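Report on the structure
The primary structure of each chain is shown beneath.
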Amino acid sequence: MTKLTSALALSTAAIALGGAAAAQEAECPIQVGVLHSLSGTMAISETTLKDTMLMLIEQQNADGGLLGCDLEPVVVDPASDWPLFAEKARELLTVHEVDVIFGSWTSASRKAVLPVLEELNGLMFYPVQYEGEESSKNVFYTGAAPNQQAIPATDYFLNELGIEKFALLGTDYVYPRTTNNILQSYLEEQGIDEDDIFVNYTPFGHSDWSTIVSDVVELGEDGSRVGVISTINGDANIGFYKELAASDISAADIPVVAFSVGEEELSGLDTSNLVGHLAAWNYFMSADTAENEEFIANWHEYIGDDSRVTNDPMEAHYIGFNMWVNAVEEAGTTDVDAVEDAMIGQTHPNLTGGTAEMLPNHHLSKPVLIGEIQDNGQFDIISQTEEVPGDAWTDFLPESAPLKSDWAELECGMYNTETETCVQQKSNY
């Protein structure tokens, strides 16, 4: 049966039922775009997300598909090349005519895709923590906003560890730079002097960390307690942690809290010298819940390797995918506008306990977890909050503080509460 005749058959069946149910509109198979780097510097993180999507799609098909159709994955490789993300997104939407895209990791890649999504009215689920300062009608952000990761982690450093000086180390692109701008402003509000904040950026794939680590050590020469907040992305993390170990720097000396290092990244490292360093996410594999136990078992069965780990962006795809399925079923169609409307208010259990909810700003409510690296490459969860609503616009940058996003009532992702006007609809910021 062709996609067209299948759709007609669904409509005919609905009419035959005397209008008892609305016609379900879908062309079979339903195409699901998977836009993750399978090569280049970000493949270390993104390949697993491609596999996660294939697992979720296989499970959904085994459960009967969606709207009477099978789901068909369309996988492309943007190869850690940000302009290529835009080209591949356009290919997915125009050549393959996918109904939805799950993809991207870096903010540079997401921002490259945004104009294509908004031009062609595509729909994308973005599963990674990011810097905020954005809310597109065409994107659902299932990773953490700064108030769900960066700010709580900084509070932990300040309040629990007594950190007095901060090294903000990041990869040189939009996510680390914007996040660190927010954190620098927040730290100064908390009484940390500007001179006690060291900020450094390195390119993707950076490998020589000796000078930078020495600079961090020098920051504490006066006896101050120093902490590192890391927005280092991709395989550059391998060199950074190896240099810490080579310099005999332990978590007791200079603790590191990472925003882009999870179980997948640690799986390629000798973690024996990293015990005690931290990461802030909304999920850790070590979460002790029945839902997480089932998810891990399904992952190991699918991937055929019980040593493979799970991580936060995988949970974000799990939540986002299941919310999308529920929204499509509720809307009775894969039509982007109808699905976007149905997405707001969707709920789904977190793998760490509690329930995630999709908010009118296209961000989730999620718990914040702090994990401590163990010598087996897992994290001991040492702090967990209740669900925190994701904030698209930070309160700690003056130009963002008056802004809010509300795609339900205000139909605007950048609404100025002082002037009571929608600043702009498109995400060209």
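Residues numbered from 1 in each chain as written. Predicted model: local features only at pLDDT ≥ 70, side-chain atom pairs only at ≥ 80, totals over all residues. Heavy atoms only, no water.

As for helix α6 (residues 174–189)
What counts, and what does not: Only DSSP runs of H or I with at least four residues qualify as helices, and only runs of E with at least two residues qualify as strands; both kinds are numbered from the N terminus onward. A helix is expected to span 1.5 Å for every residue after the first. Burial classes: relative accessible area under 20% of the type maximum marks a residue as buried, over 50% as exposed, and values in between as partly exposed (1.4 Å probe, protein chains only).
Over its 16 residues, α6 extends 23 Å from the first C-alpha to the last, a length consistent with the 22 Å expected when each residue adds 1.5 Å. Among the residues of α6, Tyr175, Pro176, Thr178, Thr179, Asn180, Ile182, Leu183, Gln184, Tyr186 and Leu187 are the ones counted as buried. Directly after α6, the chain includes Gly191, whose backbone phi takes a positive value near 95°.

Details of the pairing of strand β10 (residues 278–281)
Regular strands place their side chains on alternate faces of the sheet. How we decide: Pairing between two strands requires that DSSP report at least two bridges joining them.
Every second residue of β10 is oriented toward a common face, with Leu278 and Ala280 on one face and Ala279 and Trp281 on the other, all of them buried. With two bridges joining them, strand β9 (residues 256–258) and β10 adopt parallel strand pairing. Paired with Ala258 across the two strands is Ala279, which belongs to β10. Where β10 lies against strand β14 (residues 369–373), four bridges are found, and the strand directions are antiparallel.

A few points about the environment of Glu409
Assignment of secondary structure puts Glu409 in the loop between β17 (403–406) and β18 (412–416). Sequence separation between Glu409 and Leu38 is 371 residues; the distance between their C-alpha atoms is 39 Å.

Brief notes about the state of the cysteines
Condition: Whenever a pair of cysteine sulfur atoms sits within 2.5 Å, that pair is classed as a disulfide.
Inspection of every chain in the model, using the stated rule, returns two disulfides. Note that Cys28 is cross-linked by a disulfide to Cys69, the S-S spacing being 1.9 Å. Judged by the sign of its S-S torsion, about -65°, the cystine formed by Cys28 and Cys69 is left-handed. Within this pair, whereas Cys28 is found in the loop between α1 (3–16) and β1 (30–35), its partner Cys69 is found in the loop between α2 (43–62) and β2 (71–76), the two being separated by 41 residues in sequence. The pair Cys28 / Cys69 is uniform in exposure class, with both members buried. Sulfur-sulfur distance for the disulfide between Cys412 and Cys422 comes to 2.1 Å. In this structure the cystine formed by Cys412 and Cys422 twists about its S-S bond by roughly 90°; its chirality is therefore right-handed.

Points about the packing of helix α3 (residues 82–94) against helix α4 (residues 107–120)
Helix packing for two helices is described by the angle between their axes and how far apart those axes are. Note the cut-off: What counts as an axis is a line fitted to C-alpha atoms, over the stretch in contact for a helix, and the angles between N-to-C directions run from 0 to 180 degrees. Geometric relationships in this document are graded by angle, where less than 35 degrees denotes roughly parallel, more than 145 denotes roughly antiparallel, 65 to 115 denotes roughly perpendicular, and other angles denote oblique. Crossing chirality is assigned from the near helix's rotation relative to the far helix, an anticlockwise turn below a right angle marking it left-handed and a clockwise turn marking it right-handed. Contact definition: two residues touch when any of their heavy atoms are within 4.5 Å. Amino acids outside the nonpolar list (Ala, Val, Leu, Ile, Met, Phe, Trp, Tyr, Cys, Pro) and the charged list (Asp, Glu, Lys, Arg) are all regarded as polar, and Gly is one of them.
Across the interface, α3 lies against α4 with an axial gap of 8 Å and an inter-helix angle of 30°. In terms of orientation, α3 lies roughly parallel with respect to α4. As α3 runs across α4, the sense of the crossing is right-handed. Taking contact as the criterion, the partners of Trp82, Phe85, Ala86, Ala89, Arg90, Leu93 and Thr94 in α3 are, on α4, Ala108, Ser109, Ala112, Val113, Val116, Leu117, Glu119 and Leu120. Residue composition of the contact of α3 with α4, grouped by class: 11 nonpolar, two polar and two charged.

Describing the sheet that holds strand β6 (residues 165–171)
To summarise the sheet geometry, strands pair through backbone hydrogen bonds and adopt either a parallel or an antiparallel arrangement. An order of β7-β6-β8-β9-β10-β14-β15 is seen for the seven strands of this open sheet, with the pairing classed as mixed. Every other strand in the sheet has two partners, leaving β7 (197–202) and β15 (379–384) as the edge strands with one partner each. On average, adjacent strands in this sheet sit at an angle of 25° to one another, irrespective of strand direction. Contacting β6, β8 (226–231), β9, β10, β14 and β15, helix α5 (residues 150–159) runs over the sheet at an angle of about 170° to β8.

Here's the deal with the pattern of salt bridges
Cut-off, in case you're wondering: Here, a salt bridge means any side-chain nitrogen of Lys or Arg that lies within 4 Å of a carboxyl oxygen of Asp or Glu.
Scanning the entire structure with this criterion turns up 11 salt bridges. Two residues, Asp51 and Lys50, come together in a salt bridge whose shortest N-O distance is 2.8 Å. Assigned by exposure class, Asp51 and Lys50 land together as buried.

Here's the deal with the sheet that holds β18
Strand order in the open sheet made by the three strands is β17-β18-β19, with antiparallel pairing throughout. The outermost strands of the open sheet, each flanked by one partner alone, are β17 and β19 (421–422). Relative to β18, β17 is paired through three bridges, and the arrangement is antiparallel. When the sheet's bridge partners are listed, Lys404 is paired in β18 with Tyr415.

Description of the confidence of the model for the chain
Short version of the rule: Every residue carries a pLDDT, the predictor's confidence in it, which falls somewhere between 0 and 100.
With 94% of its residues at a pLDDT of 70 or more, the chain shows a mean pLDDT of 92. Here residues 1–23 is modelled with pLDDT under 50, and outside its nearest four sequence neighbours on either side it reaches 20 contacts, counting other chains as well.

Focus: the packing of aromatic side chains
Spelled out, the test is: When the centres of two rings from Phe, Tyr and Trp lie within 6.5 Å, Trp using its six-membered ring, the rings pair. Their planes under 30 degrees apart give stacked, over 60 give edge-to-face, and anything left gives tilted. The criterion is that NZ of a Lys, or CZ of an Arg, lies within 6 Å of the ring centre and within 35 degrees of the ring normal, and then a charge sits over that ring.
Under the criterion given, the structure shown has 17 aromatic pairs. Between Phe125 and Phe140, the aromatic rings sit 5.4 Å apart at their centres with planes inclined by 25°, giving stacked as the arrangement. Placement of the pair is Phe125 in strand β4 (residues 124–126) and Phe140 in strand β5 (residues 139–141), with a sequence separation of 15 residues. Like Phe140, Phe125 is buried. Aromatic pair Phe321 and Trp324: ring centres 6.0 Å apart, planes at 40°, arrangement tilted. Of this pair, Phe321 and Trp324 both sit in helix α11 (residues 312–331), three residues apart, which is roughly one turn of the helix. Overall, the relative accessible area of 1% leaves Phe321 in the buried class. A relative accessible area of 1% means that Trp324 is categorised as buried. The aromatic ring of Tyr126 is capped on one face by Arg110, whose charged end is 4.7 Å from the ring centroid. Taking NZ or CZ as reference, Arg177 lies 4.1 Å from the ring centre of Tyr201, over its face.

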